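Each chain, letter by letter, is given below.
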Amino acid sequence: MKKRFLIESSVSQSIIALIAFFSLTASSQATQYYHGPLVQASRGCFDKDSHAIQVLSQGAAKGNYEDIQAYAAYWVCKTQPEKAIPWLKKSSNMGNGWSSQMLAHYALKKMHIDGTEALKYLNRSALQGNAWAARELANIYLNGLYGIGVDLHKASYWALYAENVKEIVPNTFYLAASYRNGWGVPKNFKKAKQLYAETMHVLKEAADGGDPYADMLFFEFYTKYSQDVGMKKNMHQASYWLNQAAAKGYPPAIAILSAKKEHITHE
């Protein structure tokens, strides 16, 4: 019970942070600093602004990424998971780490906890740059929670990942690149290759599970980071993973392909 409380209290902090943000954006003074769909969600949740929610729902129905995320956040704020979950899944599939985190939270709140579903979304959330999810993965593997066996290697991996992940612009290859180039640590090519191998294994599992963000990180690897392990850039592989991410509806991948198509058209 204590271990479950530790995880659920961590997720609750995320919900509290969301509500605190909504409270802030609900004030007229704050709107000069915060703009966009989350403000509409805030007004809908706290001010019962029906027009704001109508605008938000229309944008979400059209597939707008920020509207989908905010509409999911609105239903979370209203404590209506049955309405939040479909939009959280859409937002999660488009690369939003907070949405993936909330889906893991709801999986752990079920009467019969679904550890497999929670693990799926925690993995996705971590790969989407969410350090909280990485820490909880480390905790699960360390203690063998929710029917998931103890795995000290995975616990160590995710604990280290959590320490080095970039929350806003995640870069799962940063630590390996640091060892390869001697950025703040002694150069250690063997260590760099080991870290890349571990990361690539996790990414492959996520990509096979349908996660477009993992596809996008493979694209980043083959265009930017492969040289850190003595490999040449592989634009054929990069193109493959970019198209995989785009086929799954991941907005940044679609934007890159659209820009390339437009560039070719104008040549």
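Colleague: Would you explain the pattern of salt bridges in this entry?
Modeller: In total, this model carries 1 salt bridge according to the counting rule given. Where Asp 208 meets Lys 204, a salt bridge forms, and the shortest distance between an N and an O atom there is 3.0 Å. With Asp 208 and Lys 204 both in helix α11 (residues 189–208) and 4 residues apart, the pair spans about one turn of that helix. Judged by its relative accessible area of 57%, Asp 208 falls in the exposed class. Note on Lys 204: relative accessible area 37%, which makes it partly exposed.

Colleague: Got a minute to help me understand helix α2 (residues 37–46) in this structure?
Modeller: Note: α-helices contain 3.6 residues per turn, so residues at a spacing of three or four share the same orientation. Among the residues making up α2, those that are buried are Pro 37, Val 39, Ala 41, Ser 42, Gly 44 and Cys 45. With its phi angle positive at about 55°, Lys 48 sits one or two positions after the end of α2.

Colleague: Is there a simple way to explain unusual backbone geometry in this structure?
Modeller: Both trends apply: most residues other than glycine have a negative phi, and most peptide bonds are in trans. In the Ramachandran plot, Thr 79 falls in the positive-phi region, its phi being about 50° despite a non-glycine side chain. Relative to the helices and strands, Thr 79 is located in the loop between α4 (65–77) and α5 (81–93). Backbone geometry at Tyr 146 places phi at a positive 55°, although glycine is not the residue there.

Colleague: Would you mind showing me how to read the packing of aromatic side chains here?
Modeller: Aromatic ring pairs are reported here in terms of the distance separating the ring centres and the angle at which the planes meet. Within this structure, the stated rule accounts for 8 aromatic pairs. A ring pair is formed by Phe 218 and Trp 241, whose centres lie 4.3 Å apart and whose planes are at 20°; its orientation type is stacked. Placement of Phe 218 in helix α12 (residues 212–225) and of Trp 241 in helix α13 (residues 235–247) is noted, with a sequence separation of 23 residues between them. Members of the aromatic cluster, connected to one another through ring pairs, are Tyr 71, Tyr 74, Trp 75 and Trp 87. The positively charged end of Lys 90 is found above the aromatic ring belonging to Trp 87, 5.8 Å away from the centroid.

Conventions we followed
- Residues numbered from 1 in each chain as written.
- Predicted model: local features only at pLDDT ≥ 70, side-chain atom pairs only at ≥ 80, totals over all residues.
- Heavy atoms only, no water.
- Salt bridge = Lys/Arg side-chain N within 4 Å of Asp/Glu carboxyl O.
- Helix = DSSP H or I, 4+ residues; strand = E, 2+ residues; numbered from the N terminus.
- Buried < 20%, exposed > 50% of the residue type's maximum accessible area, 1.4 Å probe, protein only.
- Phe/Tyr/Trp six-rings, centres within 6.5 Å; stacked < 30°, edge-to-face > 60°.
- Lys NZ or Arg CZ within 6 Å of the ring centre and 35° of its normal.

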